[in-house]
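Architecture and fold: a report
Here is how the chains run, residue by residue.
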Amino acid sequence: MPITELDSGALREWERITSHIGEEHGRPKRERHWPFRLLGRAAWALGVAVLPFVALVRVAVFLYAREGYPTALALAAGAACTAAIVTGYAAWAWHRLTGRLELGLLARRVAIPLVLAYCGYMLLYLSSTHAKSPDVRHYYSTLHPLLRVALSTLILVDRNLVVTDLARRPEDYRTMRLPANDGSLHYVQKDGYSHAADLRTEGRNVITSLLVQVYFWAMGFGTLRHVGTADHLHVELPVH
């Protein structure tokens, strides 16, 4: 038998053996990797879900606190970023369903009304479930709008969050048997808003309280865990 025929026969036999090896080892490899793929997809889905909310708060706080934008303009810019993201999501889904891409239509009829309704609700309403007392709900409208939006956005995830204190007057410190703090951001500032809120930490999981603090820090707010009348998390927005 010629050597070339032996070589080609050996090559075919080698290919047959290696193909079986690939089949035997390929499947277990894929099975071993599926938890990581599932985890990656879950992380991707979570990122997609929270991005519009993060953009709204983070962009607005950055423009207000770092760039000196007026409150209304900073909030409008954050809302515009969120509307752009929601428009992108809607356009992707619409394109998958119909094969058409209609950004302007989706922005006008879906994204902008949705974002405006969300912002209006967040700015005006605080459920009694999340307020320590009727006084806290009464003073909610005096809290700075960016803090209101940030608090309400967190409440969507943390259904047990409770706001314990918002606006204060100097006499309130005497009632609580605490020294008056002339620089307190709980006081209504020159812009007509108080710039601080206290959140309950007593009776809550340590990890949860830490994650809440990290959230506000990541969004650009100042945070401080301290004891006044009770253990609580103090959140504030600098005044410029």
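Before any of the text, the structure's been laid out above.
Residues numbered from 1 in each chain as written. Predicted model: local features only at pLDDT ≥ 70, side-chain atom pairs only at ≥ 80, totals over all residues. Heavy atoms only, no water.

Notes on a nonpolar patch on the surface
The condition is simple: The patch calculation keeps residues exceeding 30% relative accessible area without a salt bridge and links them within 9 Å when they carry like charges or within 5 Å when they are nonpolar (Val, Leu, Ile, Met, Phe, Trp, Tyr). To measure how exposed things are, a 1.4 Å probe is used in the Shrake-Rupley method; for residues, cover is taken only from the protein chains shown. Only one rule defines a salt bridge in this text: a Lys or Arg side-chain nitrogen within 4 Å of an Asp or Glu carboxyl oxygen. Only DSSP runs of H or I with at least four residues qualify as helices, and only runs of E with at least two residues qualify as strands; both kinds are numbered from the N terminus onward. When a residue's accessible area, from a 1.4 Å probe over protein chains only, is under 20% of the maximum for its type it is buried; when over 50% it is exposed; and in between it is partly exposed.
Taken together, the side chains of Leu-46, Val-50 and Val-54 present a nonpolar region at the surface, about 220 Å² in accessible area. Here Val-54 shows up in helix H1 (residues 3-65). For Val-54, a relative accessible area of 32% gives the class partly exposed.

Overview of the nonpolar core
Rule in force here: Here the nonpolar core consists of buried residues drawn from Ala, Val, Leu, Ile, Met, Phe, Trp, Tyr and Cys, with membership extended through side-chain atoms lying within 4.5 Å. Contacts are assigned to residue pairs that have any heavy atoms within 4.5 Å of one another.
Among the nonpolar cores identified, the biggest contains 42 residues, and Val-57, Leu-151, Leu-199, Phe-216 and Phe-221 are the most heavily contacted of them. Broken down by element, this core gets its largest block of residues, seven residues, from helix H5 (residues 145-155). Dropping the residues within four chain positions of it, Leu-151 is found in contact with Leu-143, Leu-161, Val-163, Ala-197, Leu-199 and Phe-216.

Looking at the environment of Val-110
Along the polypeptide, Val-110 turns up in helix H3 (residues 103-124). Taking relative accessible area as the criterion, Val-110 reaches 35% and is therefore assigned partly exposed.

What about the side chain of Arg-204?
We count it as follows: A 3.5 Å cut-off defines polar contacts: any pair of N or O atoms within that distance qualifies, except that in protein one atom must be a possible hydrogen donor and the other a possible acceptor, and neighbouring residues in sequence count only when both atoms are side-chain atoms.
Residue position: Arg-204 is located in the loop between strand S2 (196-200) and helix H7 (206-219). A polar side-chain atom of Arg-204 sits 3.5 Å from the main-chain carbonyl oxygen of Arg-200. Every residue in contact with Arg-204, bar those within four places of it in the chain, is listed here: Asp-158, Asn-160, Leu-161, Ser-209 and Val-212.

A closer look at H3
Keep this limit in mind: Expected span of a helix: the number of residues minus one, times 1.5 Å. Bend at a given residue is defined as the angle between two axes, one fitted to the seven residues that end at that position and one fitted to the seven that begin there.
Taking 1.5 Å per residue, 22 residues should reach 32 Å; H3 reaches 30 Å between its end C-alpha atoms and fits that length. Along its length, H3 shows its largest kink, about 30°, at Ala-111, and proline Pro-113 lies within four residues downstream of that point. If you check which residues of H3 are buried, you get Leu-106, Ala-107, Ala-111, Val-115, Tyr-118, Cys-119, Met-122 and Leu-123.

Description of the pattern of salt bridges
With the rule as written, the count across this model stands at three salt bridges. For Asp-158, the salt bridge is made with Arg-204, and the minimal N-O distance between the two is 2.4 Å. Linking Asp-158 in the loop between H5 and strand S1 (163-165) with Arg-204 in the loop between S2 and H7, this pair joins segments that are 46 residues apart in sequence. Of the two residues examined, Asp-158 and Arg-204, each falls in the buried class.

Focus: the packing of H3 against H5
What counts here: For helices, the axis comes from a line fit to the C-alpha atoms of the stretch in contact; other axes are also lines fit to C-alpha atoms, and the angle between any two N-to-C directions lies between 0 and 180 degrees. Every angle not falling under 35 degrees, over 145, or within 65 to 115 is termed oblique; those three ranges are roughly parallel, roughly antiparallel and roughly perpendicular. For this classification, the nonpolar set comprises Ala, Val, Leu, Ile, Met, Phe, Trp, Tyr, Cys and Pro, the charged set comprises Asp, Glu, Lys and Arg, and every other residue, Gly included, is treated as polar.
Their axes nearest at 8 Å, the elements H3 and H5 cross at an angle of 100°. With respect to each other, H3 and H5 are oriented roughly perpendicular. Along its contact with H3, which presents Tyr-118, Met-122 and Leu-123, the element H5 presents Pro-145, Arg-148, Val-149, Ser-152 and Thr-153. Looking at the contact of H3 with H5 residue by residue, the classes come out as five nonpolar, two polar and one charged.

A word on the side chain of His-234
Residue placement: His-234 occurs in strand S4 (residues 231-236). A polar atom in the side chain of His-234 sits 3.4 Å from the side chain of His-186. Within the structure, His-234 has its side chain in polar contact with the side chain of Asp-198 (distance 3.1 Å). Ignoring anything within four residues of it in the chain, the contact list for His-234 reads His-186, Ala-196, Ala-197, Asp-198, Gly-222, Thr-223, Leu-224 and His-226.

In short, shape yes, function no, at least from these values alone.
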